[in-house]
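Architecture and fold: a report
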Amino acid sequence: AQKVTQAQTEISVVEKEDVTLDCVYETRDTTYYLFWYKQPPSGELVFLIRRNSFDEQNEISGRYSWNFQKSTSSFNFTITASQVVDSAVYFCALSANSGNTPLVFGKGTRLSVIA
Amino acid sequence: DAGITQSPRHKVTETGTPVTLRCHQTENHRYMYWYRQDPGHGLRLIHYSYGVKDTDKGEVSDGYSVSRSKTEDFLLTLESATSSQTSVYFCAISRDGNSGANVLTFGAGSRLTVL
């Protein structure tokens, strides 16, 4: 069975603060993929990043960075110098590589960035 | 624009009535999914399809049925709606659903209220 846990239900930060969203996953598969999606207040779901289980390199994209650690089964997401436009619900998701395996999502973390 | 549309976008119905939600894609993707989003539960998979007339159940399939008679359309039916099915329903499509690498593209969502 696959499971994704996002322990932080809601986080509130002041603009320009750094914030880290935690994601812990469980799977018995040796090959799997991890994802982050963003859902802004408008409601659409936007894909942010995908990592495979063989690539533990951290990823940085502008103010966003992702820290993947197999040893702790975590795939954390950090926003540096947060902005009001970062306010959204963020979902972490997991998919195994064994065919026809839909994504399993965490319950999401609601981030509020206050000006 | 990923070419995925959901209809209706909003619907209010009464307990016991049948409801059908439609997902239409223009991408010719093989894989299509229905998720529901509820506060405190994140996104949960209802049903998915891996081809015309090929469907499978997800985590919360009770009370729902699906049909896919052509590649572009995936219908979700609530045979007899209940108040517990009040939710936001998201359709998603994927080109690579038979591997864990698949990135889902989501529709805008359909908000269903069952009174």
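A quick note: this is a predicted structure, and the numbers were derived from the prediction, not measured.

1. Things to note about the overall build of chain B
- Of the regular secondary structure elements, chain B holds zero helices and eleven strands.
- Ordered by position in the sequence, the α and β elements of chain B form the string β-β-β-β-β-β-β-β-β-β-β.
- By the compact-globule yardstick of 13 Å for 115 residues, chain B fits well, its C-alpha radius of gyration being 13 Å.
- When the backbone C-alpha atoms are referred to their principal axes, chain B occupies close to 40 × 30 × 25 Å.
- Put simply, of all contacts in chain B between residues at least 6 apart along the chain, 55% involve residues at least 24 apart.
- Surface accessibility of chain B: about 5300 Å² in total, with carbon and sulfur atoms responsible for 46%.
- Here chain B holds 12 positive side-chain charges and 12 negative ones, and the gap between their average locations is 2 Å.

2. Some remarks on the overall build of chain A
- A count of helical and extended segments in chain A gives zero helices and twelve strands.
- Tracing chain A from N to C terminus, the helices and strands come up as β-β-β-β-β-β-β-β-β-β-β-β.
- Relative to the compact-globule value of 13 Å for 115 residues, chain A shows a C-alpha radius of gyration of 14 Å, a close match.
- Each principal axis of the C-alpha atoms in chain A carries an extent, and together these give about 45 × 25 × 20 Å.
- A fraction of 56% describes how many contacts in chain A between residues 6 or more apart in sequence connect residues 24 or more apart.
- Of the roughly 5600 Å² of accessible surface on chain A, 47% is carried by carbon and sulfur atoms.
- Charge-centre separation for chain A: the mean point of 10 positive side chains lies 4 Å from the mean point of 12 negative side chains.

3. Examining the packing of aromatic side chains
- Following the criterion strictly, the structure yields 22 aromatic pairs over all chains and no others.
- Centre to centre, the rings of Phe90 of chain B and Phe106 of chain B are 6.3 Å apart; their planes meet at 90°, and the pair counts as edge-to-face. On the criterion of sequence distance, the pair formed by Phe90 of chain B in strand E9 (residues 87–94) and Phe106 of chain B in strand E10 (residues 105–106) is long-range, its members being 16 residues apart. Accessibility classification places Phe90 of chain B together with Phe106 of chain B in one group, the buried group.
- Ring pairs connect the aromatic residues Phe35, Tyr37, Phe47, Phe91 and Phe105 of chain A together with Tyr33, Tyr35, Tyr48, Tyr50, Phe90 and Phe106 of chain B, which therefore count as one cluster.

4. Looking at the interface of chain B and chain A
- Facing the 21 residues of chain B at the interface are 20 residues of chain A.
- Between chain B and chain A the total buried area reaches about 1700 Å² when both faces are included, carbon and sulfur atoms providing 58% of it.
- Taken together, chain B and chain A are joined by zero salt bridges.
- Listed by contribution, the elements that provide at least two residues to the side of chain B that touches chain A are strand E4 (31–38) and strand E5 (42–51) of chain B.
- Considering every element that reaches the side of chain B that touches chain A, the biggest residue donor is E5 of chain B, with five residues.
- Split into classes, the residues belonging to the side of chain B that touches chain A amount to twelve nonpolar, nine polar and no charged.

5. Re the sheet that holds strand E8 (residues 73–78) of chain B
Residues and elements named next belong to chain B.
- Here we have four strands laid out as an open sheet, ordered E1-E3-E8-E7, and antiparallel in their pairing. The open sheet has two edge strands with one neighbour each: strand E1 (4–7) and strand E7 (64–70). Ignoring strand direction, the axes of neighbouring strands in this sheet form an average angle of 20°.
- As paired strands, E1 and strand E3 (residues 19–25) are joined by four bridges and run antiparallel to one another. Along E3, the bridge assignment pairs Ser7 with Arg22.

Reading guide: rules and limits
Residues numbered from 1 in each chain as written. Chains lettered and ligands numbered in written order. Predicted model: local features only at pLDDT ≥ 70, side-chain atom pairs only at ≥ 80, totals over all residues. Heavy atoms only, no water. Helix = DSSP H or I, 4+ residues; strand = E, 2+ residues; numbered from the N terminus. Rg over C-alpha atoms; globule rule 2.2 N^0.38 Å. Contact = heavy atoms within 4.5 Å. Areas by Shrake-Rupley, 256 points an atom, 1.4 Å probe, with all protein chains shown as cover. Lys, Arg positive; Asp, Glu negative; His and termini not counted. Charge placed at Lys NZ, Arg CZ, Asp CG, Glu CD. Phe/Tyr/Trp six-rings, centres within 6.5 Å; stacked < 30°, edge-to-face > 60°. Buried < 20%, exposed > 50% of the residue type's maximum accessible area, 1.4 Å probe, protein only. Buried area = accessible area lost by both parts, 1.4 Å probe. Salt bridge = Lys/Arg side-chain N within 4 Å of Asp/Glu carboxyl O. Nonpolar A, V, L, I, M, F, W, Y, C, P; charged D, E, K, R; others polar. Pairing = 2+ DSSP bridges. Axes fitted to C-alpha atoms, helices over the stretch in contact; angles between N-to-C directions.

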